[in-house]
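# Notes for the structure review
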Amino acid sequence: MIAIQRSAEPTVLSSKGIVARDILCQQFDNGQTSFTFDNTIYGDKSVKEALIVMQHDKCCFCETKVSHHSDGDVEHFRPKAAYKQSNKDKGLTKPGYYWLAYDWTNLLLSCTKCNQRHKGNLFPLLDNSQRAKNHYGNISNETPLFINPTLQNPENHIEFQGAIAVAKDEHGQQTIDSLGLNREPLKQQRMAKLELITHLMEFVADVKNYPNALDLQE
């Protein structure tokens with residue numbers, strides 16, 4: 001997991017997205033708590049392409065090259081439809097962060113495994129009583145336990161010991177455990193890269209110690 005620099009907002013979100021958001025907010029004011037979302041807006045080709053470029057085609061959580069496995073998911077950091085504070089919760093709480101469904105700052109690119117098999121609607125806060133429960137709330141009062149790589153440097157919360165992700169604090173621990181960042185396929189990928197880097201470093205060291213070793217002999 002590495003820091004991500006947020007790029008410019010795709011036009012579809014600042015045009016169609018704003019209109020769609022206002023409709024959702026009006027529906028909430030009319031007593032609605034379950035919503036239908038237009039995935040052609042947040043899932044627009046321009047949004048997906050912007051996320052791919054912004055994240056170098058890597059999952060925002062596990063850093064797997066997304067296009068190697070699937071088209072990837074447009075991930076809502078704060079779940080749009082419903083949420084749960086803990087995996088121990090028996091059900092989902094509605095509404096979710098419906099007003100952020102088309103908000104560029106809430107969108108990330110994720111691999112299917114991180115998004116659908118691990119994170120889902122899970123969104124734990126340090127203090128659940130501070131949760132913004134509708135568009136009148138203030139998300140700046142929240143302290144998410146998941147690391148948002150566009151706002152935080154993951155290196156402050158997670159370090160690696162070999163191929164193993166190790167938490168430095170509660171944010172790191174929640175992110176590692178809930179998103180499965182130490183699942184076996186990821187550890188195998190990291191180990192393979194570590195071995196490659198080790199071999200390259202050994203090669204460079206040999207070249208420095210024996211500068212004539214690469215000379216071609218007649």
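Now for a look at the structure at hand. In this text, all values refer to a predicted model and were calculated from it rather than measured experimentally. (Residues numbered from 1 in each chain as written. Predicted model: local features only at pLDDT ≥ 70, side-chain atom pairs only at ≥ 80, totals over all residues. Heavy atoms only, no water.)

## Some points on the overall build of the protein chain
From N to C terminus, the protein chain includes seven helices and four strands. Traced from its N-terminal end to its C-terminal end, the protein chain shows the element sequence α-α-α-α-β-β-α-β-β-α-α. Seen through its C-alpha atoms, the protein chain measures out along the principal axes to roughly 85 × 35 × 25 Å. The 218 residues of the protein chain split such that 41% are buried. The long-range share in the protein chain, meaning contacts at least 24 apart out of those at least 6 apart in sequence, stands at 70%. A gap of 7 Å separates the mean positions of the 24 positive and 26 negative side-chain charges of the protein chain. (Helix = DSSP H or I, 4+ residues; strand = E, 2+ residues; numbered from the N terminus. Buried < 20%, exposed > 50% of the residue type's maximum accessible area, 1.4 Å probe, protein only. Contact = heavy atoms within 4.5 Å. Lys, Arg positive; Asp, Glu negative; His and termini not counted. Charge placed at Lys NZ, Arg CZ, Asp CG, Glu CD.)

## Structural notes on the pattern of salt bridges
The tally for this structure, following the rule as stated, stands at four salt bridges. The salt bridge involving Asp22 is made with Arg21; its shortest N-O contact spans 2.9 Å. The partner of Lys119 in a salt bridge is Glu75, and the shortest N-O contact between them spans 2.7 Å. A residue pair is termed long-range when its members are at least 10 positions apart, and Lys119 in helix H5 (residues 112-119) and Glu75 in strand E1 (residues 73-76) qualify at 44 residues. (Salt bridge = Lys/Arg side-chain N within 4 Å of Asp/Glu carboxyl O.)

## A word on the packing of aromatic side chains
Any pair of aromatic rings gets described here by the distance separating the centres and the angle formed by the planes. All chains considered together, the criterion is met by nine aromatic pairs. On the basis of an interplanar angle of 85 degrees and a centroid distance of 5.2 Å, the ring pair of Phe77 and Phe123 is categorised as edge-to-face. Taken together, the residues span a long stretch of sequence, with Phe77 in the loop between E1 and strand E2 (107-110) and Phe123 in the loop between H5 and strand E3 (158-161) at a distance of 46 residues. A single burial state applies to Phe77 and to Phe123, both of which are buried. Note that Arg6 overlies the ring of Trp104, its terminal NZ or CZ placed 5.0 Å from the centroid. (Phe/Tyr/Trp six-rings, centres within 6.5 Å; stacked < 30°, edge-to-face > 60°. Lys NZ or Arg CZ within 6 Å of the ring centre and 35° of its normal.)

## Comments concerning the nonpolar core
In terms of nonpolar packing, the biggest core is built from 47 residues, with Leu13, Phe37, Phe61, Tyr98, Tyr102 and Trp104 touching the most fellow members. Those elements that place two or more of their residues in this core are helix H1 (11-14), helix H2 (16-29), helix H3 (39-42), helix H4 (45-54), E2 and helix H6 (170-179). Excluding residues within four positions of it along the chain, Leu13 makes contact with Ile18, Ile41, Tyr42, Val47, Tyr102, Trp104 and Leu107. (Core = buried A, V, L, I, M, F, W, Y, C linked by side-chain atoms within 4.5 Å.)

## Here's the deal with the pairing of E3
In this sheet, strand E4 (residues 164-167) lies alongside E3 in antiparallel orientation, the contact comprising four bridges. Paired with Ile158 across the two strands is Ala167, which belongs to E4. Two successive antiparallel strands, E3 and E4, enclose a turn made up of two residues, where Gly162 displays a positive phi of approximately 65 degrees. (Pairing = 2+ DSSP bridges.)

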